[in-house]
Amino acid sequence: MSDFFTDLWTQAVQTVQSTLQTNELAQGGLVIAALSALAVWARTLPLRTWNYAVSRLSVTLEVQDSDPAFPWLAAWLAAQPGGQNLRQLGVSTRYGDRLGGQTIKVGTDHDGDDVTTQLIPLGGQTLLRYRSHWLLAQAGRMERKAAGGYGNVSPFHQTITLRLPVTARSALPELLAEAFELTAGASTGQLEIHVPQYDGWKLAERRPARPLASLVYDGELLSDLQADLTQFFASRDWYTDMGIPYRRGYLLHGPPGNGKSSLVAALAGAHGMNVCVLNLATPGLDDDRLNSLLSDLPRRALLLLEDIDAVFLGREARNANVKLSFNGLLNALDGVAAGEGRVTFMTTNDLAGLDSALIRPGRADRQLRLSNATHAQVAGMLRRFWPNWEEPRIARLSERVPDGQHSMARVQEYLLQRRDDEAAVERDWYELSELCPTRHLLRVS
Ligand SMILES: Nc1ncnc2c1ncn2[C@@H]1O[C@H](COP(=O)(O)OP(=O)(O)OP(=O)(O)O)[C@@H](O)[C@H]1O
């Protein structure tokens, strides 16, 4: 059998050899085929040589938009002189933000804060010079292939790629540090407010932290809370030794406008932390998304769950649009994903509407009531606005304001309106001191 195949092979070789020796057409065909193969090889040679050289001689840094470094690098890239060559740009607009980088002030909001926008590269490539090295920066944006709609996922996926010579590799840490300094680092001493974006958090605002002393609460509330938080931050090892989950929850309740949100922001500033604000009534918030958000809090951030009464009455969803389940909320608060060291503040105007499971110790370790203004708080506000006033004058006015009648926001607004007119504060004091808020209207008419 094997002899048969050997013969067959020998015959085939002989046939090809004799054809090539005698047939000029076959000879020509062979030469053309060989030349074509050579031409193809030669044509792709430069590209392959280039790719080989690039892979051997360069370093590539690719940063995805899901990484916290992405906005720093995007701002840094847009601010480079060569970044001007990137033709496909987007904007990222913030309120009250004093970012570094190439920010453009577009106006002022109604609080008098700057509204700034920043150019973000979306596509294209440019050659840059950084610390005497050349580097190729590329920005790319691709549409995500999301089965069944985008839901909570951004429809686009962005990347920034930096390619630089191997010899410039040591410049990378410096470059990243510079990008950080330009943006997030420029916030030293400032408070960052993060809000949900898809499954993660985005920086919504950066502003000077409010001093705790600017808030006036009744009795020892502020100093107690401050001491509790300080002790918590200093007790990580103790919690570990005791086997108690290292997290702390506070429930702030009381009528609107008495400094619940302001307190969280000021405490965060005092402890060099930031705030992640989440309203449970955020459209589209379901169990999975809440879980991802709570397990992916930015570093050093207090979690502020605002108006927790807005979604559930007891354990029941308040309306058909609520996608979150009560158990989903509890699980996200203390399930496996619950972050170590997380401090959660929950606020509500309606304590009675809350299910006790939501605010039991472990989820809300301390419950603090922030009521309407007391005499002492009104006096505290007067001292802040008019530091030169004598105590008897302050006492005479503050004692005329009925306890618990006005929110602190109302008292603040009253004083703000008259901040340039000391005489008007006393002249119009009846607005705060009379029980029936409409009486002064009757007097005017
Ligand atoms: N205790 C306080 N001391 C000083 N200012 C206060 C105090 N409480 C409220 N304010 C002022 O009132 C305004 C509203 O306060 P804030 O938004 O913190 O109240 P809130 O209780 O969170 O209200 P809401 O329940 O409506 O969200 C802020 O501008 C703040 O400066």
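Whatever comes next refers back to the structure up there.
Residues numbered from 1 in each chain as written. Predicted model: local features only at pLDDT ≥ 70, side-chain atom pairs only at ≥ 80, totals over all residues. Heavy atoms only, no water.

*Asks:* Any details on the packing of helix H5 (residues 221-233) against helix H7 (residues 260-270)? Residues and values, ideally.
*Replies:* H7 packs onto H5 with a crossing angle of 45° between their chain directions and a minimal axis gap of 11 Å. With respect to each other, H5 and H7 are oriented oblique. Along this stretch, H5 crosses H7, giving a crossing that reads as right-handed. Contacts from Leu221, Leu222, Leu225, Gln226 and Leu229 in H5 reach Leu263, Leu267 and Ala270 in H7. Counted by class, the contact of H5 with H7 contains 7 nonpolar, 1 polar and no charged residues. (Axes fitted to C-alpha atoms, helices over the stretch in contact; angles between N-to-C directions. Helix = DSSP H or I, 4+ residues; strand = E, 2+ residues; numbered from the N terminus. Parallel < 35°, antiparallel > 145°, perpendicular 65-115°, else oblique. Left-handed = near helix turned anticlockwise from the far one by under 90°. Contact = heavy atoms within 4.5 Å. Nonpolar A, V, L, I, M, F, W, Y, C, P; charged D, E, K, R; others polar.)

*Asks:* Describe the site of the ligand, naming the residues involved and giving the relevant values.
*Replies:* Around the ligand, the structure places 17 residues, and the nearest of them are Arg210, Val216, Ser261, Ser262 and Gln412. Serine 262 is positioned such that a nitrogen or oxygen atom in its side chain is 2.5 Å from an oxygen atom of the ligand. Glutamine 412 places a side-chain nitrogen or oxygen 2.6 Å from an oxygen atom of the ligand. Only H7 and helix H12 (408-417) provide two or more residues apiece to the shell around the ligand. In the shell around the ligand, the residues fall into 7 nonpolar, 8 polar and 2 charged. Each of domain 2 (206-369) and domain 3 (375-444) gives at least three residues to the shell around the ligand. (Near = heavy atom within 4 Å. Polar contact = N/O pair within 3.5 Å; in protein donor to acceptor, adjacent residues only side chain to side chain. Domains from an automatic or database assignment.)

*Asks:* Describe the pairing of strand S10 (residues 274-279), and please don't skip the residues or the numbers.
*Replies:* With respect to burial, S10 is a largely interior element, 5 of its 6 residues being buried. Note that strand S7 (residues 190-197) and S10 share 2 bridges and pair parallel. From the neighbouring strand, histidine 194 faces S10, where its bridge partner is cysteine 276. Inspection of the sheet shows S10 paired to strand S11 (residues 301-306) by 6 bridges, in the parallel sense. Across the sheet, asparagine 274 pairs through a bridge with alanine 301, a residue of S11. (Buried < 20%, exposed > 50% of the residue type's maximum accessible area, 1.4 Å probe, protein only. Pairing = 2+ DSSP bridges.)

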